Amino acid sequence: MTTTIAVVPPAPPRASRRLLTGVFALVGVGMAVWGARMPAVQAAASLGPGRLALVLLAAAAGMVAGLQIGGHLAERHGPARLLVGPAIVFGLAIAALGQCRTLTSLSVAAMAFGLAHGLIDVGANTAAVHCQRGYGRPIMSSLHAAYSLGALGGAALAAVTTWLPHRTLFAAVGVGTVLAAVAAAPAVRRLHGADSPDLVNDPTSDAPSRLGRSTMWLLGALAAACLLGEGAAADWAAVHLHSLNASESAAAAAYALYSAAMASGRLLGDRLTARYGAAAVVRTGALFAAAGLGTALAVGSPTAALAGWMALGLGLSTAVPSLITAAGRGGPRVVGAVAATGYIGLLAGPAAIGALASITSLPSALTLPAVLAAAVALTARRALEP
């Protein structure tokens, strides 16, 4: 007589997914509050544009350092170490940014803020790769959607509390972040796969092998191209609408529509990726983004511009989650390297557009994110197919 043993697949790590959703959302709230109330920070410290740029540079330097350090720590100790401690520092740094009144103190707090953000970014994305493997299907896009929704919520919170001194809002958000990190510590210890180094370090693991260096740099370049579009939307969408004689409300709505479109695309992204594959979804979305923004720039009307920025957000919504998933095949260091390269595009892109606009025109300069979206479409298959 033959006995058949039924093999029951392990249950997906739903608790880990809920925890990571909260982490992504919390970071989104903190980043949006900092960005939305930055004029108040600038006024409180009497900073001109040049000195404010130094503060932002300190935050960027801290973030890049955090991404690089985080890759090494996550590969050696697992990503759990990068979630609670750095989240506490992140909250304390937000609170400190509201109290600082000098260039030096703001720069130190901004560097700590960026460093903690970089560490959390690597930890959360590496843990998300583990969690996605536990599910056996794509979930990365929905996790990144939590960041987008958190940013929308943070921006709304900043908008409806303009009557509050910024130091009070920053203190409340900072303390809330610290308390959430402390409360989540027991759950972090139970996070799926987060108490050990990445699976690819184990030669007996079924995880995909490490990526080649050329693929790693290609993933980083594509992430930079996509995040340049995000930086362009954040810094130039309203300016673009204003240059078309749009109303103040329409100009202010441009980035909100971009963000809402990106969040919506990410909420649908996992389902589309599971059905059609990451390469096809990213390629189609990037083509849609390039065509939408390019057409809007050619038409040159406020309505077309709003539609163009929405198309950019929707079209690029699944790209970065798919690129991070692909980077996860190479381990935490590759995740950190790809994220760091991507953030260079986010930080340097708006300045590059400004420089191009000064020697050509703003519509001509804004073709840069459209051209880069087309480049993403052309190279997505090579970067994303195992």
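All of these numbers come straight from a predicted model, not from anything done at the bench. (Residues numbered from 1 in each chain as written. Predicted model: local features only at pLDDT ≥ 70, side-chain atom pairs only at ≥ 80, totals over all residues. Heavy atoms only, no water.)

(A) A look at the overall build of the protein. Broken down by element type, the protein carries 15 helices and 0 strands. Each principal axis of the C-alpha distribution contributes one length, and for the protein these read about 80 × 45 × 35 Å. Looking at the 386 residues of the protein, the share that counts as buried comes to 51%. Taking contacts inside the protein between residues at least 6 apart in sequence as the whole, the part at least 24 apart equals 84%. A total accessible area of about 16700 Å² is found for the protein, and carbon and sulfur atoms account for 67% of it. Here the protein contributes 23 positively and 11 negatively charged side chains, and the mean placements of these two sets differ by 4 Å. (Helix = DSSP H or I, 4+ residues; strand = E, 2+ residues; numbered from the N terminus. Buried < 20%, exposed > 50% of the residue type's maximum accessible area, 1.4 Å probe, protein only. Contact = heavy atoms within 4.5 Å. Areas by Shrake-Rupley, 256 points an atom, 1.4 Å probe, with all protein chains shown as cover. Lys, Arg positive; Asp, Glu negative; His and termini not counted. Charge placed at Lys NZ, Arg CZ, Asp CG, Glu CD.)

(B) A look at helix α7 (residues 166-189). End to end, α7 covers 34 Å across 24 residues, agreeing with the expected 34 Å (1.5 Å per residue, within 8%). Helix geometry: α7 is bent most strongly at Ala183, by close to 40 degrees, with proline Pro186 lying one to four residues after it. All of the buried residues in α7 are His166, Leu169, Phe170, Val173, Gly174, Thr177, Val178, Ala181, Ala184, Ala185 and Val188. On its buried face, α7 is in contact with α1 (14-36), α2 (38-44), α4 (84-99) and α6 (140-160). (Expected span 1.5 Å × (residues − 1). Bend = angle between axes of the 7 residues up to and from the residue.)

(C) Main features of the pattern of salt bridges. A full pass over the atoms with the stated rule returns 1 salt bridge. Glu75 is the salt-bridge partner of Arg333, the closest N and O atoms lying 2.5 Å from each other. Remark: Glu75 occurs in helix α3 (residues 49-77) and Arg333 occurs in helix α13 (residues 332-359); sequence separation between them is 258 residues. Note on Glu75: relative accessible area 13%, which makes it buried. (Salt bridge = Lys/Arg side-chain N within 4 Å of Asp/Glu carboxyl O.)

(D) Looking closely at the packing of α1 against α4. Interaxial distance between α1 and α4 falls to 11 Å at its minimum, and their mutual angle equals 15 degrees. The orientation of α1 with respect to α4, classified from their angle, is roughly parallel. Crossing of α1 against α4: the hand is left-handed. Contact with α1, carried on its side by Leu26, Val27, Gly30, Met31 and Trp34, involves Phe90, Ile94 and Leu97 of α4 and no other residues of that element. (Axes fitted to C-alpha atoms, helices over the stretch in contact; angles between N-to-C directions. Parallel < 35°, antiparallel > 145°, perpendicular 65-115°, else oblique. Left-handed = near helix turned anticlockwise from the far one by under 90°.)

(E) Local environment of the packing of aromatic side chains. Following the criterion strictly, the structure yields 3 aromatic pairs and no others. A ring pair is formed by Trp34 and Phe113, whose centres lie 5.9 Å apart and whose planes are at 55 degrees; its orientation type is tilted. Here Trp34 is found in helix α1, whereas its partner Phe113 is found in helix α5 (residues 103-135), with 79 residues between them in sequence. In this structure, Trp34 and Phe113 share a single accessibility class: buried. Ring geometry for Tyr255 and Tyr258: centres 5.8 Å apart, planes at 20 degrees, overall stacked. Here Tyr255 and its partner Tyr258 are both found in helix α9 (residues 248-276), 3 residues apart, which amounts to about one turn of the helix. Among the residues examined, Tyr255 registers a relative accessible area of 33% and is labelled partly exposed. Among the residues examined, Tyr258 registers a relative accessible area of 1% and is labelled buried. An aromatic cluster is present here, built from Trp34, Phe90 and Phe113 joined pairwise through their rings. Over the aromatic face of Tyr135 sits the side chain of Arg17, whose NZ or CZ is 5.2 Å from the ring centroid. (Phe/Tyr/Trp six-rings, centres within 6.5 Å; stacked < 30°, edge-to-face > 60°. Lys NZ or Arg CZ within 6 Å of the ring centre and 35° of its normal.)

(F) Spotlight on the packing of α1 against α5. Here α1 crosses α5 at 155 degrees, and the two axes come no closer than 10 Å. In terms of their interaxial angle, α1 and α5 are classed as roughly antiparallel. For the crossing formed where α1 meets α5, the hand is left-handed. Contacts between α1 and α5 involve Arg14, Ser16, Arg17, Leu20, Val23, Phe24, Val27, Gly30, Met31 and Trp34 on the former and, on the latter, Phe113, His117, Ile120, Ala124, Asn125, Ala127, Ala128, Cys131 and Tyr135. Looking at the contact of α1 with α5 residue by residue, the class counts come to 13 nonpolar, 4 polar and 2 charged. (Nonpolar A, V, L, I, M, F, W, Y, C, P; charged D, E, K, R; others polar.)

Nothing here speaks to function; it is all geometry.
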